[in-house]
Amino acid sequence: MSADLDALRQRVVEAVTSGKSLGQVFKEIGITPDNPAVVQEIMAQAGIDPAAMFPDGQVDMPSFVNNMTKDLSPEMKKQLAQLIEGMAGEINNGQPLPPDIQEFLKSWQKS
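Residues numbered from 1 in each chain as written. Predicted model: local features only at pLDDT ≥ 70, side-chain atom pairs only at ≥ 80, totals over all residues. Heavy atoms only, no water.

1. Some details on the nonpolar core
A general trend in soluble globular proteins is that nonpolar side chains are found buried together.
Reasoning step 1: In terms of nonpolar packing, the biggest core is built from 13 residues, with Leu8, Val25, Phe26, Ile29, Ile31, Val38 and Ile42 touching the most fellow members.
Reasoning step 2: Put simply, the parts of the chain that give this core at least two residues each are helix 1 (5–18), helix 2 (22–29), helix 3 (36–45) and helix 6 (74–91).
Reasoning step 3: With four residues, helix 2 is the single largest residue contributor to this core. (Core = buried A, V, L, I, M, F, W, Y, C linked by side-chain atoms within 4.5 Å. Buried < 20%, exposed > 50% of the residue type's maximum accessible area, 1.4 Å probe, protein only. Helix = DSSP H or I, 4+ residues; strand = E, 2+ residues; numbered from the N terminus.)

2. Examining the packing of helix 1 against helix 2
Reasoning step 1: Here helix 1 crosses helix 2 at 150 degrees, and the two axes come no closer than 9 Å. Taken together, the axes of helix 1 and helix 2 are roughly antiparallel relative to one another. Between helix 1 and helix 2 lies a crossing of right-handed hand. Residues Leu8, Arg11, Val12, Ala15 and Val16 of helix 1 lie in contact with helix 2, whose contacting residues are Leu22, Val25, Phe26, Glu28 and Ile29. (Axes fitted to C-alpha atoms, helices over the stretch in contact; angles between N-to-C directions. Parallel < 35°, antiparallel > 145°, perpendicular 65-115°, else oblique. Left-handed = near helix turned anticlockwise from the far one by under 90°. Contact = heavy atoms within 4.5 Å.)

3. Notes on the packing of aromatic side chains
Reasoning step 1: Counted by the stated rule, this structure contains one aromatic pair.
Reasoning step 2: A centroid spacing of 5.2 Å and a plane angle of 45 degrees characterise the contact between phenylalanine 104 and tryptophan 108, whose relative ring orientation is tilted. Note that phenylalanine 104 and tryptophan 108 are positioned in helix 7 (residues 99–109) at a spacing of four residues, about one turn of the helix. Side by side, phenylalanine 104 and tryptophan 108 carry an identical accessibility label, which is buried. (Phe/Tyr/Trp six-rings, centres within 6.5 Å; stacked < 30°, edge-to-face > 60°.)

4. Observations concerning the domain arrangement of the protein
For interface size, the figure often reported is the accessible area lost on association.
Reasoning step 1: Taken domain by domain, the protein comprises domain 1 (1–55) and domain 2 (60–110).
Reasoning step 2: Put simply, the middle of domain 1 and the middle of domain 2, counted by C-alpha atoms, are 18 Å apart.
Reasoning step 3: Between domain 1 and domain 2, the residue contacts involve eleven residues of the former and eight residues of the latter.
Reasoning step 4: Overall, the association of domain 1 and domain 2 removes approximately 730 Å² of surface from exposure, summing both partners, and the carbon and sulfur fraction of that is 74%.
Reasoning step 5: Applying the counting criterion to the domain 1 and domain 2 interface returns zero salt bridges. (Domains from an automatic or database assignment. Buried area = accessible area lost by both parts, 1.4 Å probe. Salt bridge = Lys/Arg side-chain N within 4 Å of Asp/Glu carboxyl O.)

Written out as structure tokens, the structure reads:
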């Protein structure tokens, strides 16, 4: 399936209003750990250039995410952490997230 940002937006809105899982929507669009090209294509359509954001190719992702989300309330971070864990479990066929990401999400849930 070809990545289409507008179709993804529409499918996410439909999922939210119908109670469908966002993880299932992502899987249907082709957003899975074994298919990074779909995410890259959607990012490009959104005008996001990872090479420009991270010119050295490496980034301290927890610091980056904390900086991007610093104005979110602790409750919002807790809800996002739960959403991320749920979607990751669905998309990744129940495989656990890497330990560093698990710890990062746990820190959000304790906020």
